[in-house]
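A structural walkthrough
The lines below spell out each chain.
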Amino acid sequence: MPDTEDPRESLRALGEELSNFQAIMEHVRSIPSQFTMDNVDIYGETIPLNGVDGGDHIIFLDFVQRYDLDRLADSASRAGHDARSARLRGLEDRIGVLLADASGHSSTDALLTAMLHQAFLTGVLYELEMNGHVTAKLFEILNTRFHRSSAVTKYLTMIYGEISEDGTFRFISAGHPKPMIFSSEFNCFVSIDPSRLTTTFPVGMFPTETDVEERLDSEPLVYKKKYTVNEVNLMAPGDILLLATDGLFEHSVGGVDFVPGLLQETVRRVKGQPAKEIVAAILEAMVGFAPPEDDVSLVVIQRTN
């Protein structure tokens, strides 16, 4: 009779593989989460469900720290691409924020966000060298790759935006929960013109209409509309822009929702404090309200002057 595999050995091997995966994800997630500019304070944090890697992911782009903008701009200028050089110089007063949420909250769902992490950062470098800034085309390409390489039930909601020192936030949304703005003057969340909150299907759910590869196959019934760049503004000192995954927006217990009422109460109590303290207060209030049932990610962008 063939030897029967020892279940303990199988469990040990499985444990080692899980540890290896978690080590990789720890490296992927080990990025600074707090940034300050002359007029803006930013902080973000993720609480994975049950304390293990899940489907939420945050990427910050401090263009000055991550890329040699001077070298890229000088190189573009020498090649006669003055417009590209100027766009690169314009990134000196911006921070990029990408917040993604895979369709699931298990450790294996983190694989999708790890794929997005590497593809996005590679794409950004290419964009800077070719165009001098991040364009919507990058996200069309990402959508194509994820649509063609992942299962139909696996996709990511995503929001990517860039905040400038003057408080302007320009962003693209792929099926992600809408940003919220808390007005310091009115001491509450304020409505945002729906025309500034255009979104489309999550990344990977449907092909892009201009997908050249898709044209080689049979025509699908549904195409994703092109991504639209939206713009909102933090007009006054103390105004707060809040980005979060649906783990926060859908947090409830006994028919009572945490958002917007209890979230607003919490922000009223801590507004004016550093962004890191605001995030900590919101997450503490959320956990105190009820145990999370999903991964939760939160980014606070506060105008300081």
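Every value quoted in this text rests on a predicted model; they were computed, and no experiment measured them.

1. Comments concerning the overall build of the chain
Per the secondary structure count, the chain includes nine helices and 13 strands. Sequence separation of 24 or more characterises 76% of the internal contacts of the chain that already satisfy a separation of 6 or more.

2. Here we look at the side chain of Asn230
Summarising the element assignment, Asn230 is placed in strand S9 (residues 230-233). The buried category is assigned to Asn230, whose relative accessible area is 2%. A polar side-chain atom of Asn230 sits 3.4 Å from the main-chain carbonyl oxygen of Thr228. Ignoring sequence-local partners within four residues, the contact set of Asn230 consists of Phe169, Arg170, Phe171, Ser195, Arg196, Leu197 and Thr198.

3. Describing the pairing of strand S13 (residues 296-303)
Within S13, eight of the eight residues are buried, leaving the element largely enclosed by the surrounding structure. Both strand S2 (residues 40-47) and S13 contribute to a ladder of eight bridges, which runs antiparallel. Paired with Ile47 across the strands is Val296, a residue of S13. Two elements, strand S10 (residues 240-244) and S13, share five bridges in a ladder whose sense is antiparallel. Counterpart to Leu241 in the pairing with S13 is Ile301.

4. A few points about the pattern of salt bridges
Enumeration over the complete set of coordinates arrives at six salt bridges. One salt bridge in this structure joins Arg89 and Glu92, with 4.0 Å as the shortest N-O distance. Glu92 gets classed as partly exposed once you look at its relative accessible area, which sits at 40%. Here Arg170 makes a salt bridge to Glu231, at a shortest N to O gap of 3.4 Å. Of this pair, Arg170 sits in strand S6 (residues 168-174) while Glu231 is found in strand S9, placing the two residues 61 residues apart along the sequence. Taking relative accessible area as the criterion, Arg170 reaches 44% and is therefore assigned partly exposed. Beyond isolated ion pairs, a larger network of salt bridges with shared partners links Asp70, Asp74, Arg89 and Glu92.

5. Let's talk about the environment of Leu69
Relative to the helices and strands, Leu69 resides in helix H3 (residues 69-78). The exposure class assigned to Leu69 is buried, which follows from its relative accessible area of 5%. For the pair Leu69 and Gly90, spaced 21 residues apart in sequence, the C-alpha separation works out to 9.6 Å. Excluding residues within four positions of it along the chain, Leu69 makes contact with Phe63, Val64, Leu88, Leu91 and Glu92.

6. Things to note about the nonpolar core
In this structure, Phe63, Tyr67, Leu98, Phe120 and Phe139 are the most contacted members of the largest nonpolar core, which totals 31 residues. Elements supplying a minimum of two residues to this core: strand S3 (56-62), H3, strand S4 (94-102), helix H5 (110-130), helix H6 (136-149), strand S5 (156-164) and S6. The element that contributes the greatest number of residues to this core is H5, accounting for six residues.

7. What about helix H4 (residues 82-90)?
Taken together, the buried positions of H4 are Arg84, Ser85 and Leu88. Looking straight down H4, one finds that the buried residues subtend no more than 100 degrees of arc, so they occupy a single side. Next to the buried residues of H4 lie H3 and H5.

8. What to know about the sheet that holds S10
Strands sit in the order S1-S2-S13-S10-S7-S8 across an open sheet of six strands; the sheet is antiparallel. Each of the sheet's edge strands pairs with one partner strand only, and the pair in question is strand S1 (34-36) and strand S8 (188-190). The mean angle between the axes of side-by-side strands here comes to 20 degrees, regardless of whether they run parallel or antiparallel. Packing of helix H8 (residues 261-270) onto the sheet brings it into contact with strand S7 (180-183), S8 and S10, and relative to S8 it is tilted by some 115 degrees.

9. A closer look at unusual backbone geometry
Keep in mind that most residues, glycine aside, have a negative phi and that most peptide bonds are trans. Residue Pro260 is bonded to the preceding Val259 through a cis peptide linkage, with omega at 5 degrees. With respect to the helices and strands, Pro260 occurs in the loop between strand S12 (256-257) and H8. Despite not being glycine, Asn187 has its phi angle at roughly 60 degrees, a positive value. Within the secondary structure, Asn187 sits in the loop between S7 and S8. By relative accessible area, Asn187 is classed as partly exposed at 27%.

Criteria and thresholds
- Residues numbered from 1 in each chain as written.
- Predicted model: local features only at pLDDT ≥ 70, side-chain atom pairs only at ≥ 80, totals over all residues.
- Heavy atoms only, no water.
- Helix = DSSP H or I, 4+ residues; strand = E, 2+ residues; numbered from the N terminus.
- Contact = heavy atoms within 4.5 Å.
- Buried < 20%, exposed > 50% of the residue type's maximum accessible area, 1.4 Å probe, protein only.
- Polar contact = N/O pair within 3.5 Å; in protein donor to acceptor, adjacent residues only side chain to side chain.
- Pairing = 2+ DSSP bridges.
- Salt bridge = Lys/Arg side-chain N within 4 Å of Asp/Glu carboxyl O.
- Core = buried A, V, L, I, M, F, W, Y, C linked by side-chain atoms within 4.5 Å.
- Arc of directions from axis to C-beta.
- Axes fitted to C-alpha atoms, helices over the stretch in contact; angles between N-to-C directions.

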